[in-house]
Every structure is written in structure tokens, then in C-alpha cells.
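Each chain, letter by letter, is given below.
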Amino acid sequence: PPGLSRDTVLGRPGANVTLTCQDKGPVNVTVSWQMEERGAAAVGGRSRRLAEGNALLLRRLRYEDSGRYSCYVGGRLLRSLRLLVEEPPETPRVSCYRRSHDKDVLCEWPLRAKPSPGTRAMLWV
């Protein structure tokens, strides 16, 4: 999607996603995956070891699965991907009106569903 860096993977809650370490490479090496825990960069870099293999399958995504996933061979970083789990934003339906010519303009944006955590919106008039 536009606005996201190339190392960001977008996933929807409840969906499955596969993260791939290398497009090509030696087949006789052991690839291991780690997920950086929230706040780990500030706390000394704690990470959680995950499965081994070139592809990492994450099933039934939850918001808590969002984070940085890195793959390594022999302790050497090969690739790092940021997984962002969220609902795609709905197309806004904004309506604006003014009760009279000397009153402020009021705008409303009714939501059909609760937005994903961390969603931000801005109205430019």
C-alpha cells in the first residue's frame, strides 16, 4: 500500500500471513526467525525465538502479532520485516453543514466499525 515502507507487511486480524526470508539462496542452511518484543529496542534488545525455515507462517493474526520479525543464518541477519496487523481503513463519508451563516461549520464522520488500534485521521478543510 502507498505510504508504507517496502519492509512492511500488512495483515488483517484473523488472516494467515507468510513471511519469506530469502527469495533465492542456499537450501542447505538453517534459517531461524525471531520477533523483537515491544519496547525491546529501549530495554536492551530482547527477542523471542520462533520457528526455523525460510518461510514463517503466522496463523490467525491478532493485533498483538504486530512487530519486527527478523531471519538469521548462523547469527547473521538476512532480513527484517515489520508486520502491521490492522483492519484496512474504511472510506470516509464526511458530511458538513452550517446551521446559519453566522455559525461554525460542523463536520461529522460516522464510523461503521471501530478502527484498529493506532488509527489516526485528519480532516483538511
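Our subject is the structure listed above.
Residues numbered from 1 in each chain as written. Predicted model: local features only at pLDDT ≥ 70, side-chain atom pairs only at ≥ 80, totals over all residues. Heavy atoms only, no water.

### Details of the sheet that holds strand E6 (residues 67-73)
Next, step 1: Strand order across the open sheet formed by five strands is E1-E7-E6-E3-E4, with mixed pairing between neighbours. Lying at the two open borders of the sheet, with one neighbouring strand each, are strand E1 (8-11) and strand E4 (47-52). Each strand of the sheet is rotated relative to its neighbour by a mean of 30 degrees, with strand direction disregarded.
Next, step 2: Where E6 lies against strand E7 (residues 76-85), seven bridges are found, and the strand directions are antiparallel. In the sheet register, Cys 71 faces E7, and the bridge partner there is Arg 79. (Pairing = 2+ DSSP bridges. Helix = DSSP H or I, 4+ residues; strand = E, 2+ residues; numbered from the N terminus. Axes fitted to C-alpha atoms, helices over the stretch in contact; angles between N-to-C directions.)

### Thoughts on the state of the cysteines
Next, step 1: Scanning the entire structure with this criterion turns up two disulfides.
Next, step 2: Here Cys 21 pairs with Cys 71 through a disulfide, and the sulfurs are 2.0 Å apart. With the S-S bond torsion at 80 degrees, the cross-link from Cys 21 to Cys 71 turns out right-handed. With Cys 21 in the loop between strand E2 (17-20) and strand E3 (31-36) and Cys 71 in strand E6, this residue pair connects regions lying 50 residues apart in the sequence. For the residue pair Cys 21 and Cys 71, the accessibility class agrees, reading buried in each case. (Disulfide = S-S within 2.5 Å. Buried < 20%, exposed > 50% of the residue type's maximum accessible area, 1.4 Å probe, protein only.)

By themselves, these observations are geometric and do not establish any function.
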